[in-house]
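# Topology and contacts: notes
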Amino acid sequence: MTSAASTGSPVDGILATATIVLSLVLALWSLVAAVRHRPPDRPQFVGLAVLECALLALAVVALVGLGEGERPGEPGAFFGYLVTLVCLPPLAWVLARMEPTRWGSAIVCAICLVTPVVVVRLQQTWAVVGG
Amino acid sequence: MADTDAPAGRPATNSGPGRLLIAVYLLFAVAATSRAGLQIATRFDEAPVAYLLSALAALVYIVAAVGLARAGHAGRWVALACCSVELVGVLGVGVLSLADPGLFPDETVWSGFGSGYGYIPLVLPVLGLLWLWRTRHAAR
């Protein structure tokens, strides 16, 4: 019994939208920093931390959904994307710490552009039409 | 914490823009490895050529990232070889996948010149080669 695929997905809602918006805002902020030759600043690191918390919350919501018997359309890909997703902000954090130049900000920007793509792919692997 | 030992103005391959390049290579290594691993593990029979090619691409991305990160003379040669293989691969597979779609029944990272990945697979080796050229004096 598959519940309505598009509305019943635990990774499709206000929380997922919030992670996408937050990630894009952070990407824009760090892009401006990179263009202005600024190293990663405090707002970028705080933003990465907040983004990571939101993604962890998303992962917990997804796992709770699994616990209640809901199943993703492509389980393998879904867990792959989920694990990758929660690793992205820490990766950006570490690389930004290693590179205290404008290129550190560019790294934060690049990873924050990838994150929304992974969120969307995550949603697609949950709701596969006609599996 | 900048751990570069290259003289000023001659950056090593693993600092500055190079670090951004390594980050993107890492992302592609993860993406291609997990995708190829999943495809080979779950439905290898459907498109073995495409999936083996994905695995090869994944391996090349990993080795390229390591080569750039290691800097040094050997690392540069490894990175140079990987970027060249990638460029040939993405161009070759791009042309082949357009000319004869039956060759690759399922998508690979390099299909359609990397169109499934925003053409980044096409741009990445070019940026890698440009970066190696820019830093060519660093390893001396």
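Notes on the structure in this doc start here. (Residues numbered from 1 in each chain as written. Chains lettered and ligands numbered in written order. Predicted model: local features only at pLDDT ≥ 70, side-chain atom pairs only at ≥ 80, totals over all residues. Heavy atoms only, no water.)

On to the overall build of chain A, then. For chain A, the count of helices and strands is four helices and zero strands. Seen in sequence order, chain A has helices and strands lined up from the N terminus as α-α-α-α. The buried share of chain A, taken over its 131 residues, is 40%. Counting only contacts in chain A whose residues sit at least 6 apart along the sequence, the fraction spanning at least 24 positions is 82%. Carbon and sulfur atoms make up 72% of the accessible area of chain A, which totals about 6700 Å². (Helix = DSSP H or I, 4+ residues; strand = E, 2+ residues; numbered from the N terminus. Buried < 20%, exposed > 50% of the residue type's maximum accessible area, 1.4 Å probe, protein only. Contact = heavy atoms within 4.5 Å. Areas by Shrake-Rupley, 256 points an atom, 1.4 Å probe, with all protein chains shown as cover.)

Each aromatic ring pair is described using two quantities: the centre-to-centre distance and the angle formed by the ring planes. Residue and element names in this part refer to chain B. For the structure on display, the rule yields six aromatic pairs over all chains. Pairing Phe28 with Tyr61 gives two aromatic rings, centres 5.6 Å apart and planes at 45 degrees, and the pair type is tilted. Here Tyr61 lies in helix H2 (residues 48-70) and Phe28 lies in helix H1 (residues 17-43), a separation of 33 residues in the sequence. Ring centres of Phe28 and Tyr117 lie 5.8 Å apart, and the angle between their planes is 50 degrees; this geometry places the pair in the tilted category. Here Phe28, found in helix H1, pairs with Tyr117, found in the loop between helix H3 (72-99) and helix H4 (120-134); they are 89 residues apart in sequence, far enough to count as distant. (Phe/Tyr/Trp six-rings, centres within 6.5 Å; stacked < 30°, edge-to-face > 60°.)

Moving on, we come to the nonpolar core. Counting 63 residues, the largest nonpolar core has Leu85 of chain A together with Tyr25, Tyr61 and Leu68 of chain B as its most contacted members. Listing elements by their share of this core, those giving two or more residues are helix H1 (14-35), helix H2 (42-67), helix H3 (75-98) and helix H4 (102-126) of chain A together with H1, H2, H3 and H4 of chain B. Not counting residues up to four positions away in its chain, the partners in contact with Tyr61 of chain B are Tyr25, Phe28, Ala29, Ala32, Glu86, Val109, Trp110, Pro121 and Leu124 of chain B. (Core = buried A, V, L, I, M, F, W, Y, C linked by side-chain atoms within 4.5 Å.)

Turning next to the interface of chain A and chain B. With 15 residues of chain A at the contact, the number on the chain B side is 11 residues. Of the roughly 1200 Å² buried at the junction of chain A and chain B (both faces included), carbon and sulfur atoms supply 79%. When the buried area of chain A at its contact with chain B is split by residue, Met98, Glu99 and Trp103 of chain A rank highest and sum to 36% of it. Viewed at the interface, chain B and chain A are joined by one salt bridge. Taking the shortest distance from any N to any O, the salt bridge between Glu99 of chain A and Arg19 of chain B comes out at 2.8 Å. Along the contact surface separating chain A from chain B lie three residue pairs in polar contact (both at pLDDT 80 or more). For the side of chain A that touches chain B, the secondary structure elements donating two or more residues are H3 and H4 of chain A. Counting residues per element, the side of chain A that touches chain B draws most heavily on H3 of chain A, at eight residues. (Buried area = accessible area lost by both parts, 1.4 Å probe. Salt bridge = Lys/Arg side-chain N within 4 Å of Asp/Glu carboxyl O. Polar contact = N/O pair within 3.5 Å; in protein donor to acceptor, adjacent residues only side chain to side chain.)

By themselves these figures say nothing about function.
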